[in-house]
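Below, each chain spelled out in residue letters.
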Number of protein chains: 2
Amino acid sequence: MPVHSPTSDATEIDPALISAQDRLISLWGEMGTHWGVPRSMAEIHALLFIAGREFTADEIIERLSVSRGTASMTLRTLVEWSMVNRRHHRGDRRDRYSAEQDVWKLFTTVLRARKRREFDPLLESLRVCRIDADAGAASERGTGDARPESHREHDQRIERMIELVGLLDAVAERLLGPQGPRSEELEALVRALAEAEQ
Amino acid sequence: MPVHSPTSDATEIDPALISAQDRLISLWGEMGTHWGVPRSMAEIHALLFIAGREFTADEIIERLSVSRGTASMTLRTLVEWSMVNRRHHRGDRRDRYSAEQDVWKLFTTVLRARKRREFDPLLESLRVCRIDADAGAASERGTGDARPESHREHDQRIERMIELVGLLDAVAERLLGPQGPRSEELEALVRALAEAEQ
DNA sequence: CGGTCGTTTCAAAAACGAGTGAAATTGGTC
DNA sequence: GACCAATTTCACTCGTTTTTGAAACGACCG
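Here's what I pulled together on the structure shown here. Just so you know, these numbers come straight off a predicted model, no measurement behind them. (Residues numbered from 1 in each chain as written. Chains lettered and ligands numbered in written order. Predicted model: local features only at pLDDT ≥ 70, side-chain atom pairs only at ≥ 80, totals over all residues.)

## Things to note about the protein's contact with DNA strand C
Then, number 1: Around DNA strand C, 19 residues are found, and the nearest of them are A:G69, A:S72, B:S40, B:S67 and B:G69.
Then, number 2: Of all elements in the fold, only α5 (68-80) of chain A together with α3 (39-51) and α5 (68-80) of chain B reach the threshold of two or more residues within the surface near DNA strand C. (Near = placed C-beta within 6 Å. Helix = DSSP H or I, 4+ residues; strand = E, 2+ residues; numbered from the N terminus.)

Listed below in structure tokens is the structure:
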């Protein structure tokens, strides 16, 4: 076995390191449950990130005591979401998994995913919550009734929500950039905002 | 009963309005489940927001078909988080609940709550995930060993996470301001960021 | 090809969290 | 201070989501 491709046993017998990693893995798993991410998914990602090297599925399974099924499904999802890379090594049938090490890229990846999966559809659904003046009013236009006050107020509230969500969406868009995230620029922008004078 | 204090029956017999409200309530409840907020909590808040008037607990219970217990617990939490105001009316033992109508204030309220409940403790916990050079190294200082490479790398990764979370925390701090949120300013800031040149 | 190793799928179990409703409590009233 | 209405609490139920583990699948190797 080549020296530069050490196994888990060879590299990770350092109790202080292991225990520090475990603290982060537990913490991250706990955070996950508060943010709608399955605990094992967060834990697996935390392990790959903090160890900063490639793992085979079996190493992950053993280290975190998760089932084969969970590891497989979770890794697939993490790869789909571009949080983890899968690599095939010649001469080894086992795939190796590793996590993006740039925390800013991680951040934008998550932001992008949530925007696409939640903000964009939300914006669309909100529009449907308006009381369309045409739809209902058309049938009773003959009465000469103006649109009821209550309808106008309702629509104003929806409109304000749309405006807020749309604005946040635009901020995300701006941060992500039109053709993929650019970490340095994003970081600079956020830093500027954080440090702006009170 | 005074005319200016109409009951649910008196004000809300407009099917178009009710159904539009219901659409929003369902949508918001659904969003809640994706963001770690109990469905009923999101629904109750949506109802109070979109109706834009005060409700008694019983009105909420009937309108949303939730149990007394859920209504009580949820309203308490919503009031704790300053998302909903409770008001006592003289001559009526029932409390009335209403939601903040300014969506920007809502946004800052949520931001503030999540920051306090999640970001701040997270930052604290992350620090504990470092391999403190003093703690472990002290016992084996005699060996003359420098701090292992693996420990330095580990701490660097943690440090980068702390930096990211800390920066987001600082942005939130900046947006919220030192003595409570100021909606107009916040809105202007976010608008500027959204519209900045690409 | 047949065997081996690794991955994926899926039905069932376990764990978790939300919701219920009756009982206890509170607070106001006569 | 006893009663009544409203609110809160909490042990339990119910539904969902997560996790498991075994079986099916697929790919690579000799």
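Here the narrative resumes.
## Some words on the packing of α3(B) against α5(B)
All names here are of chain B.
Then, number 1: Where α3 meets α5, the closest approach of the two axes is 10 Å, and the angle between their N-to-C directions is 70 degrees. In terms of their interaxial angle, α3 and α5 are classed as roughly perpendicular. Between α3 and α5, the contacting residues are S40, M41, I44 and H45 on the first element and T70, T74, L75, T77 and L78 on the second.
Then, number 2: Classifying every residue of the contact of α3 with α5 by side-chain character gives four nonpolar, five polar and no charged. (Axes fitted to C-alpha atoms, helices over the stretch in contact; angles between N-to-C directions. Parallel < 35°, antiparallel > 145°, perpendicular 65-115°, else oblique. Contact = placed C-beta atoms within 7 Å. Nonpolar A, V, L, I, M, F, W, Y, C, P; charged D, E, K, R; others polar.)

## Quick notes on helix α6 (residues 103-128) of chain B
Then, number 1: With 26 residues, α6(B) should cover 38 Å at 1.5 Å per step; its first-to-last C-alpha distance of 37 Å lies within 8% of that length.
Then, number 2: Along α6(B), the residues classified as buried are B:V103, B:W104, B:L106, B:F107, B:T108 and B:L126. (Expected span 1.5 Å × (residues − 1). Buried ≥ 20, exposed ≤ 12 C-beta atoms within 10 Å, placed from the backbone.)

## Here's the deal with the sheet that holds strand β1 (residues 55-56) of chain A
Residues and elements named next belong to chain A.
Then, number 1: If you trace the three strands from one edge of the open sheet to the other, you get β1-β3-β2, paired in antiparallel fashion. Either end of the sheet is taken by a strand with one partner, and the two such strands are β1 and β2 (84-88).
Then, number 2: In terms of strand pairing, β1 meets strand β3 (residues 95-99) through two bridges, oriented antiparallel. Across the sheet, residue T56 finds its bridge partner in β3, namely R96. (Pairing = 2+ DSSP bridges.)

## Some points on the protein's contact with DNA strand D
Then, number 1: Near DNA strand D lie 18 residues; those nearest to it are A:P38, A:S67, A:G69, B:G69 and B:S72.
Then, number 2: In terms of residues, the surface near DNA strand D owes the most to one element, α5(B), which gives five residues.

## What to know about the sheet that holds strand β1 (residues 55-56) of chain B
Residues and elements named next belong to chain B.
Then, number 1: Spatially, the three strands line up as an open sheet ordered β1-β3-β2, and their pairing is antiparallel. Edge positions in the sheet fall to β1 and β2 (84-88), since each has one partner strand and no second.
Then, number 2: Sheet contacts for α3: β1, β2 and β3 (95-99); angle to β3, the most-contacted strand, approximately 80 degrees.

## Observations regarding the relation of the copies chain B and chain A
For the pair of chain copies, the relating operation is a rotation around an axis with a shift along it.
Then, number 1: Mapping chain B onto chain A leaves a residual RMSD of 0.4 Å; the transformation is a rotation of 180 degrees accompanied by 0.1 Å of translation along its axis. What we have between these two chains is a two-fold relation.
Then, number 2: The residues that chain B uses at the interface reappear at the interface of chain A in 100% of cases, marking a shared surface. (Least-squares fit on C-alpha atoms with pLDDT ≥ 70 in both.)

## With respect to the interface of chain B and chain A
Interface size is commonly expressed as the accessible area that is lost once the parts come together.
Then, number 1: Counting residues at the interface gives 46 residues for chain B, matched by 46 residues for chain A.
Then, number 2: For the side of chain B that touches chain A, the secondary structure elements donating two or more residues are α2 (15-34), α3, α6, α8 (149-176) and α9 (183-195) of chain B.
Then, number 3: The dominant element in the side of chain B that touches chain A, judged by the number of residues it contributes, is α8(B), at 13 residues.
Then, number 4: A breakdown of the residues in the side of chain B that touches chain A according to their chemical character gives 28 nonpolar, nine polar and nine charged.

## Some thoughts on the nonpolar core
Then, number 1: Residues B:L24, B:I44, B:A46, B:L47, B:L48 and B:V84 are the most contacted members of the largest nonpolar core, which totals 33 residues.
Then, number 2: Among the elements of the structure, α6 (103-128) and α8 (149-176) of chain A together with α2, α3, α5, β3 and α6 of chain B are those that each provide at least two residues to this core.
Then, number 3: Tallying contributions element by element places α3(B) first for this core, with nine residues.
Then, number 4: If sequence neighbours within four positions are ignored, B:I44 has contacts with B:I60, B:L64, B:T74, B:L75 and B:L78.
Then, number 5: Grouped together as the second largest cluster of nonpolar side chains are 32 residues, A:L48, A:M83, A:W104 and B:C129 included. (Core = buried A, V, L, I, M, F, W, Y, C linked by C-beta atoms within 7 Å.)

## As for the packing of helix α2 (residues 15-34) of chain A against helix α3 (residues 39-51) of chain A
Residue and element names in this part refer to chain A.
Then, number 1: Running from amino to carboxyl end, α2 crosses α3 at an angle of 145 degrees, the nearest separation of the two axes being 8 Å. Where α2 crosses over α3, the handedness of that crossing is right-handed. Between α2 and α3, the residues in contact are Q21, L24, I25, W28, G29, M31, G32 and T33 and R39, M41, A42, E43, A46, L47, I50 and A51, respectively.
Then, number 2: The class makeup of the residues in the contact of α2 with α3 is ten nonpolar, four polar and two charged. (Left-handed = near helix turned anticlockwise from the far one by under 90°.)

## A look at α6(A)
Helical geometry: 3.6 residues make up each α-helical turn, so side chains three or four residues apart lie on a common side.
Then, number 1: Taking the largest bend as the criterion, α6(A) deviates by roughly 40 degrees, centred on A:K115.
Then, number 2: Of all the positions in α6(A), only A:V103, A:W104, A:L106, A:F107, A:T108, A:L122 and A:L126 are classed as buried. (Bend = angle between axes of the 7 residues up to and from the residue.)

## A short note on the pairing of β3(B)
Residue and element names in this part refer to chain B.
Then, number 1: Across five bridges, the pairing between β2 and β3 is antiparallel. Each bridged residue has a counterpart across the sheet, and for R87 the counterpart in β3 is R96.
Then, number 2: Hairpin connection from β2 to β3: six residues lie between these consecutive antiparallel strands, with G91 at a positive phi of about 80 degrees.

## Examining unusual backbone geometry
If a residue is not glycine, its phi is most likely negative; likewise, a peptide bond is most likely trans.
Then, number 1: A positive phi angle is found at A:S82, which is not glycine, with a value near 60 degrees.
Then, number 2: Within the secondary structure, A:S82 sits in the loop between α5 and β2.
Then, number 3: For A:S82, a count of 15 C-beta atoms within 10 Å gives the class partly exposed.
Then, number 4: Positive phi values are uncommon outside glycine, yet B:S65 reaches one of about 55 degrees.

## Brief notes about the environment of A:P15
Residues and elements named next belong to chain A.
Then, number 1: As for its position among the elements, P15 is in helix α2.
Then, number 2: On the neighbour-count criterion, P15 (9 C-beta atoms within 10 Å) is exposed.
Then, number 3: On a C-alpha basis, the gap between P15 and R114 in space is 37 Å, while along the polypeptide they are 99 residues apart.

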